[in-house]
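Spelled out, the chains give:
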Amino acid sequence: MKPYQKLTQPSACRLEEEGAAPAPASHGKLAPCWVGSGLLVAAVLLSAVTVWVLQQVSVGWPRPTLPPKCLLVPESYRFDCYPERHVVVTQQLCESRGCCFIESPPPAGDKRGVPWCFYPPDFPSYTLESLNQTALGMVGLLMRREKAYYPRDIEMLRLDVEFETDTRLHIKITDAANPRYEVPLEVPRAMKKAENPIYSLDFSWDPFGVVLRRRATGMVLLNTTVAPLIFADQFLQISTSLPSKFLYGLGEHRGPLLHSMDWSTLTLWARDVSPTESFNLYGAHPFYLLMEESGDAHGVFLLNSNAMEVALQPAPGLTWRTIGGVLDFYIFLGPDPNMVIQQYQQVIGFPAMPPFWALGFHLCRWGYGSSNETWQTVRAMRNYQIPQDAQWNDIDYMDGYRDFTFDSQKFASLPSLVEDLHKHGQHYVMILDPGISSTNPNGSYWPFDEGLRRGLFLNTTQGQTLIGQVWPGFTAFADFSNPDTHQWWLENLQRFHAHVPFDGLWIDMNEPSNFMDGSEEGCPPGELDSPPYTPAVLGDSLSAKTVCASAKQKASVHYNLHNLYGLMEAKATASALIQIRGKRPFVISRSTFSSQGRYSGHWLGDNRSQWKDMYYSIPGLLSFSLFGIPLVGADICGFSGSTSEELCTRWMQLGAFYPFARNHNTQNEKAQDPTVFSPAARTAMKDVLLTRYSLLPFLYTLFHRAHLQGDTVARPLFFEFPQDVTTLGLDRQFLWGRSLLVTPVLDPGVDSVTGYVPRGTWYDFYTGSSMNSSGEMVKMSAPLDRLNLHIREGAILPTQKPGTTSEATRRNPLCLIVALSSSDTAWGDLFWDDGESLDTFEQGSYSYVVFNVTQNIFTSTILHASAEATEVTIGTLSILGVREPPSKVLLNGQEKPFSYLDNQVLTVSDLGLSLNQGFSVQWL
């Protein structure tokens, strides 16, 4: 087949046959047809068509009937008109939607590749019919005069634009005539219009579109004119171009921190599945952060909880597709990434302050088998003096896997174990699932009987209790959208707490997970369970391994509420813990949604004991930092499969720097707690945990800043170095706050690690030796007993002599580590309270101390004081980067002994000062 045969030519101007002898060159006048062809070719060369023609030569020319408007759309700007999966898109199917059809070579692997069916530039969209000023912005009316191709197009839409703050814009598009489901999330209401917004907004009237610019640079951040707006009852779609390819967020997924813009699709529909690339996972976070080429950053949040997918393409461009609700966008203008995340959390809410003990080391496994075996592990940890704050149990503590019960044979000593933990300053956490066993004899299982009596479970469309299957067998599912369920949940927990006084709760299986699809009776026919469009969910069905989308809940149908299930359970659980214990709640949830940080932390799910899983935990925890859930970590050493000593040692080193640090293991695998390994490995694990415990005052202060203003705790490098393009793709390292760089080993069989060290002076955490970097990759020694940690110049870290529990550590003296900048300055702070009471900051029951160094004088300034801090002493001051040996050191004007090492570390010991006492240290 000759590549040009599909072209039709005028009869007088025929292309030479392939392989035929060329005609003699003519030196006379060119025939008119060649002149016309020459002019045509010249014109084509000046258009985008040439690019397309050259690309197509190897795969065949287009059909003769292809409209020129289709050829004018570059491949990277082809927005998919036929996103349905498992459909072979033909020209007939495509053109029935009024779209362009051009076949492209299939991509390698399972990627989508360039869409064959895409929107022409003149595809009918909405027009902006009117636009009027309001007190906060504008209100407009959008009209669609031609139907799109999904049922129940909404012809008239209302556009609300509110200039909420100088850095936050709110754009909402909804049905102008009828109310629609909206996410029941409390969001702040602006009281007045922003006076000096750092953004400008323009509109395209026909077709409707918004163009958002950053005033300072003129950069176009959003341009929704690139593809038509579609707003049908169960298919809402809006696309935009993006100013760069550096896009993050849009969880929960497994993959690199930086998303690929190469035709990738990210689906948001909570699903119980072991973390796997390209799958929709446990939570839904419709928020992205984008770094602009200038180093500025902005974020976009779509407040929508329906099944959704976000399609990314190389233009760069992005398409939001959701199958319900409204289009409710918040745009955050930063301009730096830290500020974007703060502004996002101003809308969704700041994270709760965790109890101090939550930042210690947690130990768990499924398959201890008995409370005595659990207890033996705790005793072994104490015997080796390995730090541990909390012991957990998985579902094997339960009687028949039923919530609010414990096995009276195998776990008979559980109340005594918990009592023993409390005597040693330790805590107990247990698992709970939302599936309530439904097969017990009437009157024998209060949680089900009472839930049924009060009508607190998900129902079928027929009004019957929906029955699925989880660990205890057939189960009903608690409806946490019903406030009455929160009371029932509390009562169940109170009854159990009277026997087993737990300290925190681990809520699992709350996507909700179901071992059958839908229910024991399947799901009914209809457009909730079988919508006109189903996003690219694992299993190709909304009910795959969960309940029917048509299930009835108090607040709405499950179709709308599915992605909120874990959030609503976390809210009920945190509330119950506060009422039971009167202290800060500790909740770890598997399923999450935007604002979850107000109620719980998160672990990254059922990972595997593999090296790549250890790597993927870093982009996982950094993504959840962006989502406002700072209390996050992965199962250290891996959940499923069997770990190795080397893998577990390296993972314990990395995991010691997860904000939430828990080693967890599945049943029928060998134990992987630190006590079971060789003396060398055990010592390495113990040492890195002691390092973590020494840093608890610093970590706790970071959590205070997260709670107060939405700072991140674990932080990508680009947050601190947004102008450094190299940092934009880094996800094998991370920072604690602004100043502690963690460079873990993520590969087997090595004794060194190569990490990026941003420009500036960095100090080795252990020795205090300095390293000056121009912004470069550095090979670091990393024997099996070493995790590389570096302190950034200009920081002051409050540390503490570590104990084997956080409670013991809190009683020990503080050591302040000063990392001098090149200009010999440094700054740091410390937040301190009793570590467990509710609302200590809000009630003023805390101490806040600021540390500062200028001109060879260290000062500690008490900005707020409380009684707790009087019990804490400052023992040691270590100053890194003192270039000349001092002749003397003065504490509050009095001479004080000191030591000075060749690596420029000055140490002043035995200070014996109360934390609530301001002081100064000068070196001369």
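In this text the structure is predicted, and so the values were computed from the model without any measurement.

**Re the overall build of the protein chain**
Thinking step 1. Assigned secondary structure in the protein chain consists of 18 helices and 50 strands.
Thinking step 2. Each principal axis of the C-alpha distribution contributes one length, and for the protein chain these read about 100 × 80 × 60 Å.
Thinking step 3. Taken over 924 residues, the protein chain has a buried fraction of 61%.
Thinking step 4. When contacts within the protein chain are restricted to residue pairs at least 6 apart in sequence, long-range pairs at least 24 apart make up 70% of them.

**Describing the sheet that holds strand β6 (residues 168–175)**
Whenever strands of a sheet pair, they do so through backbone hydrogen bonds, lying parallel or antiparallel.
Thinking step 1. Ordered in space as β3-β4-β5-β6-β18-β15-β14-β12, the eight strands form an open sheet in which the pairing is antiparallel. One side of each edge strand has no neighbouring strand; the edge strands of this open sheet are β3 (126–133) and β12 (246–251). Across the sheet, the axes of successive neighbouring strands diverge by a mean angle of 15 degrees, strand direction being ignored.
Thinking step 2. With four bridges joining them, strand β15 (residues 297–302) and strand β18 (residues 327–332) adopt antiparallel strand pairing. Each bridged residue has a counterpart across the sheet, and for F301 the counterpart in β18 is Y330.
Thinking step 3. Contacting β6, β14 (285–291), β15 and β18, helix α5 (residues 337–348) runs over the sheet at an angle of about 25 degrees to β15.

**Side note on the confidence of the model for the protein chain**
Thinking step 1. Predicted confidence across the protein chain gives a mean pLDDT of 93, with 93% of residues reaching 70 or more.
Thinking step 2. Taken as a whole, residues 1–64 scores under 50 in pLDDT and shows 41 contacts with residues more than four places along the chain or in a different chain.

**Considering the pairing of strand β20 (residues 390–393)**
Remember that side chains alternate between the two faces of the sheet whenever the strand is regular.
Thinking step 1. Residues A390 and W392 of β20 are buried on one face, and the alternating residues Q391 and N393, pointing to the opposite face, are buried as well.
Thinking step 2. Pairing of strand β19 (residues 361–363) with β20 involves two bridges; the strand directions are parallel. Within the sheet, the bridge partner assigned to H362 lies in β20 and is A390.
Thinking step 3. Following the chain from β19 across helix α6 (residues 371–383) to the adjacent parallel β20, one finds a crossover that is right-handed.
Thinking step 4. Here four bridges tie β20 to strand β21 (residues 427–432), and the two strands are oriented parallel to one another. Following the sheet pairing, A390 is matched in β21 by H427.

**Comments concerning the sheet that holds strand β33 (residues 740–743)**
Thinking step 1. Spatial strand order, β31-β32-β33-β38-β35-β36: six strands in an open sheet with antiparallel pairing. A single partner strand is all that each edge strand has here, and the edge strands are β31 (714–715) and β36 (770–773).
Thinking step 2. Note that strand β35 (residues 760–764) and strand β38 (residues 788–792) share three bridges and pair antiparallel. Its bridge partner being in β38, Y763 is matched across the sheet by I791.

**A look at the state of the cysteines**
Thinking step 1. Summed over all chains, the structure comprises five disulfides.
Thinking step 2. A sulfur-sulfur distance of 2.1 Å marks the disulfide that ties C81 to C99. Negative torsions about the S-S bond denote left-handed disulfides, and the value of about 70 degrees found for C81 with C99 makes this one right-handed. Of this pair, C81 sits in the loop between α3 (68–71) and α4 (91–96) while C99 is found in the loop between α4 and β1 (100–101), placing the two residues 18 residues apart along the sequence. For the residue pair C81 and C99, the accessibility class agrees, reading buried in each case.
Thinking step 3. Disulfide pairing places C94 opposite C117 at an S-S distance of 2.2 Å. When the S-S torsion is 90 degrees, as for the bridge of C94 with C117, the disulfide is right-handed. Linking C94 in helix α4 with C117 in strand β2 (residues 117–118), this pair joins segments that are 23 residues apart in sequence. The burial state of C94 is the same as that of C117; both residues are buried.

**Some points on the packing of aromatic side chains**
Thinking step 1. Tallied over the full model, the rule gives 48 aromatic pairs.
Thinking step 2. Here Y700 and F831 contribute two aromatic rings whose centre-to-centre distance is 6.1 Å and whose plane-to-plane angle is 40 degrees, an arrangement assigned as tilted. Of this pair, Y700 sits in helix α15 (residues 696–709) while F831 sits in strand β41 (residues 826–832), placing them 131 residues apart in sequence. Here the two residues Y700 and F831 agree in accessibility, since each one is buried.
Thinking step 3. Ring centres of F831 and Y846 lie 5.4 Å apart, and the angle between their planes is 25 degrees; on these two criteria the pair is classed as stacked. Separated by 15 residues along the polypeptide, F831 in strand β41 and Y846 in the loop between α18 (840–843) and β42 (847–854) bring together distant segments of the chain. Taken as a pair, F831 and Y846 share a single burial class, namely buried.
Thinking step 4. What links up through ring pairs into an aromatic cluster is the set F404, F448, F457, F480, W488, W489 and Y565.
Thinking step 5. Taking NZ or CZ as reference, R662 lies 4.4 Å from the ring centre of W506, over its face.

**Focus on the environment of D503**
Thinking step 1. Tracing the chain through its elements places D503 in the loop between α9 (483–497) and β25 (504–507).
Thinking step 2. Put simply, D503 and L577 are 74 residues apart on the chain and 8.1 Å apart in space, counted from C-alpha to C-alpha.
Thinking step 3. With residues up to four places along the chain from it excluded, the contact list for D503 reads W357, H422, H427, Y428, L577 and R581.
Thinking step 4. A distance of 2.7 Å separates a polar atom in the side chain of D503 from a polar atom in the side chain of H422.

**Re the side chain of R168**
Thinking step 1. Looking at the element boundaries, R168 is found in strand β6.
Thinking step 2. One polar contact links R168 to E164, side chain to side chain, over a distance of 2.7 Å.

Cut-offs applied
Residues numbered from 1 in each chain as written. Predicted model: local features only at pLDDT ≥ 70, side-chain atom pairs only at ≥ 80, totals over all residues. Heavy atoms only, no water. Helix = DSSP H or I, 4+ residues; strand = E, 2+ residues; numbered from the N terminus. Buried < 20%, exposed > 50% of the residue type's maximum accessible area, 1.4 Å probe, protein only. Contact = heavy atoms within 4.5 Å. Pairing = 2+ DSSP bridges. Axes fitted to C-alpha atoms, helices over the stretch in contact; angles between N-to-C directions. pLDDT = per-residue confidence, 0-100. Right-handed = clockwise from strand over helix to strand, strands pointing away. Disulfide = S-S within 2.5 Å. Phe/Tyr/Trp six-rings, centres within 6.5 Å; stacked < 30°, edge-to-face > 60°. Lys NZ or Arg CZ within 6 Å of the ring centre and 35° of its normal. Polar contact = N/O pair within 3.5 Å; in protein donor to acceptor, adjacent residues only side chain to side chain.

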